Amino acid sequence: MGRHLDGFIFVLFGAESDLSSRKLLPSLYKLAYWKQLPEKYRIIGVARSPVDHDGFRAYAKESILEHASGDVVESGHLDMFCENLYYARVDLTKAEGYSLLREEIDRIVMSDPSCSNLLFYLATPPGLAPHIIDNLDKAGLGGKKGACNQWRKIVIEKPYGFDLKSARDLSAIVGKVFHEEQIYRIDHYLGKEPVQNILVFRFSNGMFEPLWNRQFIDSIDITIAEDFGIRTRGAYYEKSGLLRDIIQNHGLQLLAAIAMEPPVDLSADAVRDEKEKVFRSLRPLTKETVSDNVVLGQYEGYRKEKNVAPRSTVETFASIRWHVDNWRWKDVPFFMKAGKNLAKRVTEIVITFKCPPQNFFGPPESCNYTANQIIIQIQPEETIAVRFGTKRPGKELVTDPVFMKFDYKTSFEHEKMTPYQRLLLDAMAGDQMHFIRQDAVESSWLVVDGIRDAMKDVVPEPYPVHSWGPELKR
Ligand code: BG6
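For the structure given in this document, a descriptive report is provided here. The residue count restarts for each chain, going from 1 along the sequence in the order it is written. Local features are withheld for residues below a pLDDT of 70 in this predicted model, meaning they are given only at 70 or higher, and side-chain atom pairs are given and counted only at 80 or more; totals for whole chains, interfaces and linings count all residues. To get the side-chain values, take all heavy atoms of the structure and skip hydrogens and water.

Details of helix H5 (residues 129–138)
An α-helix turns once per 3.6 residues; consequently, residues spaced three or four apart project the same way. Ala129, Ile132, Ile133, Asn135 and Leu136 are the residues of H5 that are buried. The contact criterion used throughout is that any non-hydrogen atoms of two residues lie within 4.5 Å. Only DSSP runs of H or I reaching four residues or more are called helices, and only runs of E reaching two or more are called strands; each is numbered from the N terminus. Residues of H5 that are buried in the fold lie against strand E1 (8–13), helix H4 (96–111), strand E4 (117–122), strand E5 (152–156) and helix H6 (164–177). In the stretch just after H5, Gly140 is the one whose phi turns positive, near 75 degrees. Residue burial is assigned from relative accessible area. The probe radius is 1.4 Å, only protein chains are included, and a residue is buried under 20% of its type maximum, exposed over 50%, and partly exposed in between.

In structure tokens form, the structure reads like this:
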């Protein structure tokens, strides 16, 4: 049994979305199976299909059987879980449906008052968020009006806006109905075990932190590479592009975890304060500096993907040199490379240390060859390796790189939670540490908008599928 959780109703907007069927419903089921959910809970799926409660239960069951991992799908248990599922048919843009939703909620609460807390989850396309929030408010379901000690929370999926202005507009709408402490902006990267571990690795080990600065570190490389293209998401990708899809959120969140100062304590805001300082220290990239520091690419064949314009100039790759202008990091480049259809799927952070002042040992290029590195692999492996030089066996005094490696898989036996399982539990428990605060949304859009503005006339360089993309001169 995990943390104490209050009974609640989980209201899943976009209950028939890909995200719901692949991730959210299977995650909720597994949490229930592990007895991590509170004793009393209900899940109301909200969507447009003309189905009833049983129809939704059948759909959820099918999704769970298809997507829940492991051998835990036992039908008795699954049927019990499905008894907690309800359905409300609502056109999300119209106020009327929300009174039906409200009635459904009231009915559940009447029959079981311990379920009166409400968690709204928006697994919906970004354009619908303002409608949902406004209509929730009109139906008396807005967060600020939560009665007595009952809580109301809202979880919002990325993208949170598509630039600084739209993010602020969205924030103004959400802010009218919910307080910041009730808003959970999700970035699933923050639910990954090795990403959460960065904080622990850095601040629980006396031996790394003293070296974690410009005096000893030469450069940092953050790679988020995928070996597949945009799949069926052409329409979304044409409006998004890689800078918005990956850099503004996952990429900058990884950078902040590596660059932040120790928080004053482990409260959500203390941690997020430090990340925010990193975003504010990022050197803006401007028309004058962008060409030396950013390369954009587009994989060959992208323009032939479904729902992609034949002359699209949307980027599917970016390689960026960031600078964090503060006392710890001044002049240390943070290289960030991300892209679709690259040579392999890997998300990794490499911290490369400076060479010793004298290179006694051959070969002459041995510093680069054996430079000390800490390599944090987030996926597909979940490992941390330390690379160092050691004497090659034989008569000569020459160095070869070797590795000491920690692997989550072999060091721990726990059944692993997925990012969504972890983040769902955090949201239920009211822990916002791994959710994005509004100030971070804005400061990360600010720098990404800066690049997009400065490069608005640049056509991304084509690159062959399964290559490493165009190179940024280092
Ligand atoms: C999503 C992006 O946020 O993250 C996708 O929209 C991307 O384009 C995905 O494929 C990557 O997530 P993960 O966890 O597979 O690295």
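A closer look at the sheet that holds strand E3 (residues 85–89)
The strands making up a sheet associate through backbone hydrogen bonding, with each pair oriented either parallel or antiparallel. Strand pairing requires that DSSP identify at least two bridges connecting the strands. Pairing within the open sheet is parallel, and its six strands lie in the order E3-E2-E1-E4-E5-E6. Of all strands in the sheet, those bounded by a partner on one side alone are E3 and strand E6 (183–185). Averaged over all pairs of adjacent strands, the angle between strand axes in this sheet comes to 20 degrees, irrespective of strand direction. Across six bridges, the pairing between E1 and E4 is parallel. Paired with Val11 across the bridge in E4 is Phe120. Across the face of the sheet, H5 comes into contact with E1, E4 and E5 while running at roughly 160 degrees to E4. Axis definition: a line fitted to C-alpha atoms, over the contacting stretch in the case of helices. Angles run 0 to 180 degrees between N-to-C directions.

Concerning the pattern of salt bridges
Where charged atoms of side chains with opposite charge meet at close range, the side chains can pair. The term salt bridge refers to a pairing of a side-chain nitrogen on Lys or Arg with a carboxyl oxygen on Asp or Glu at a separation within 4 Å. Tallied over the full model, the rule gives 31 salt bridges. Residue Glu209 is joined to Arg328 by a salt bridge in which the shortest nitrogen-to-oxygen separation is 2.8 Å. Within this pair, whereas Glu209 is found in the loop between helix H7 (193–203) and strand E7 (217–225), its partner Arg328 is found in the loop between strand E9 (317–323) and strand E10 (333–339), the two being separated by 119 residues in sequence. Look at Glu209 and you get buried, because its relative accessible area is 16%. On the basis of relative accessible area, Arg328 is assigned to the buried category, the value being 13%. For Glu261, the salt bridge identified is with Arg328, shortest N-O distance 2.7 Å. Taken as a pair, Glu261 in the loop between helix H8 (234–259) and helix H9 (268–281) and Arg328 in the loop between E9 and E10 lie far apart in primary sequence, 67 residues in all. Looking at Glu261, the relative accessible area reads 30%, which means it is partly exposed.

A word on unusual backbone geometry
Generally, phi is negative for residues other than glycine and the peptide bonds are trans, each holding for most cases. For the bond running from Lys158 to Pro159, omega is 5 degrees, close enough to zero to count as cis. Between Gln379 and Pro380 the backbone carries a cis peptide bond, its omega angle lying at 5 degrees. Position of Pro380 relative to the elements: it lies in the loop between strand E12 (373–379) and strand E13 (383–391). With a phi angle near 60 degrees, Lys35 is a residue other than glycine that sits in the positive phi range.

Focus on the site of the ligand
Throughout, near means a residue has at least one heavy atom within 4 Å of the molecule or strand. Within the structure, the ligand sits among Lys158, His188, Tyr189, Lys192, Glu226, Arg233, Asp245, His250, Lys340, Arg345 and Gln379. In the model, an oxygen atom of the ligand is placed 2.8 Å from a nitrogen or oxygen of the Arg233 side chain. N or O atoms closer than or at 3.5 Å make up a polar contact, with two conditions inside protein: a donor-capable atom paired with an acceptor-capable one, and, for residues adjacent in sequence, both atoms drawn from side chains. Lys340 has a polar side-chain atom sitting 2.8 Å from an oxygen atom of the ligand. Note on areas: Shrake-Rupley, 1.4 Å probe, and residue coverage restricted to the protein chains presented here. Compared with its free state, where it exposes 400 Å², the ligand has 82% of that area covered by protein.

Quick notes on the state of the cysteines
For this text, the term disulfide refers to a pair of cysteine sulfurs within 2.5 Å. Tallied over the full model, the rule gives zero disulfides. The closest cysteine sulfur to the non-disulfide-bonded Cys82 is located on Cys115, 16 Å from its own sulfur.

A word on the sheet that holds strand E8 (residues 294–299)
The strand order E14-E13-E12-E11-E7-E10-E9-E8-E15 describes an open sheet built from nine strands, whose pairing is mixed. Of all strands in the sheet, those bounded by a partner on one side alone are strand E14 (399–407) and strand E15 (461–463). Averaged over all adjacent pairs, the angle separating strand axes in this sheet is 20 degrees, with direction ignored. For E7 and E10, the ladder comprises six bridges, and the chain directions are parallel. From the neighbouring strand, Ile220 faces E10, where its bridge partner is Phe334. Set on the sheet, H7 makes contact with strand E11 (346–353), E12 and E13; between it and E12 the angle comes to about 150 degrees.

Quick word on the pairing of E8
For a regular strand, side-chain orientation follows a simple rule: the groups alternate between the two sheet faces. In terms of burial, E8 is largely enclosed, as six of its six residues are buried. Because side chains alternate across E8, one face comprises the buried residues Val294, Leu296 and Gln298, and the other comprises Val295, Gly297 and Tyr299, equally buried. Inspection of the sheet shows E8 paired to E9 by four bridges, in the antiparallel sense. Within the sheet, the bridge partner assigned to Leu296 lies in E9 and is Ala318.

Observations regarding a nonpolar patch on the surface
On the surface, Phe360, Phe361 and Leu397 cluster together to form a nonpolar patch covering roughly 350 Å² of accessible area. Residue position: Phe361 is located in the loop between E11 and helix H11 (366–370). Looking at Phe361, the relative accessible area reads 35%, which means it is partly exposed. Patches in this entry comprise residues that are over 30% relatively accessible and not in a salt bridge; like charges within 9 Å are linked, as are nonpolar side chains (Val, Leu, Ile, Met, Phe, Trp, Tyr) within 5 Å.

Overview of the environment of Thr418
Structurally, Thr418 is set in the loop between helix H12 (408–411) and helix H13 (419–429). When the C-alpha atoms of Thr418 and Ser27 are compared, they prove to be 7.8 Å apart, with 391 residues separating the residues in sequence.

Brief notes about the packing of aromatic side chains
Put simply, two rings from Phe, Tyr or Trp (the six-membered ring, in Trp's case) pair if the centres are within 6.5 Å, and we call them stacked under 30 degrees between planes, edge-to-face over 60, tilted for the rest. According to the stated counting rule, one finds 24 aromatic pairs in the structure shown. Taken together, a centroid distance of 5.9 Å and an interplanar angle of 35 degrees make the contact between Phe8 and Trp151 tilted. One end of the pair, Phe8, is in strand E1; the other, Trp151, is in the loop between H5 and E5, with 143 residues separating them in the sequence. Here the two residues Phe8 and Trp151 agree in accessibility, since each one is buried. A ring pair is formed by Trp329 and Phe334, whose centres lie 5.2 Å apart and whose planes are at 80 degrees; its orientation type is edge-to-face. Both residues of the pair, Trp329 and Phe334, count as buried. Following the ring pairs from residue to residue traces out a cluster consisting of Tyr236, Tyr237, Tyr299, Tyr302, Phe317 and Tyr463. Here the guanidinium or amino end of Lys153 rests over the ring plane of Trp151, the centre of that ring lying 3.7 Å away. To sit over a ring, a charge needs its Lys NZ or Arg CZ within 6 Å of the ring centre and within 35 degrees of the ring normal.

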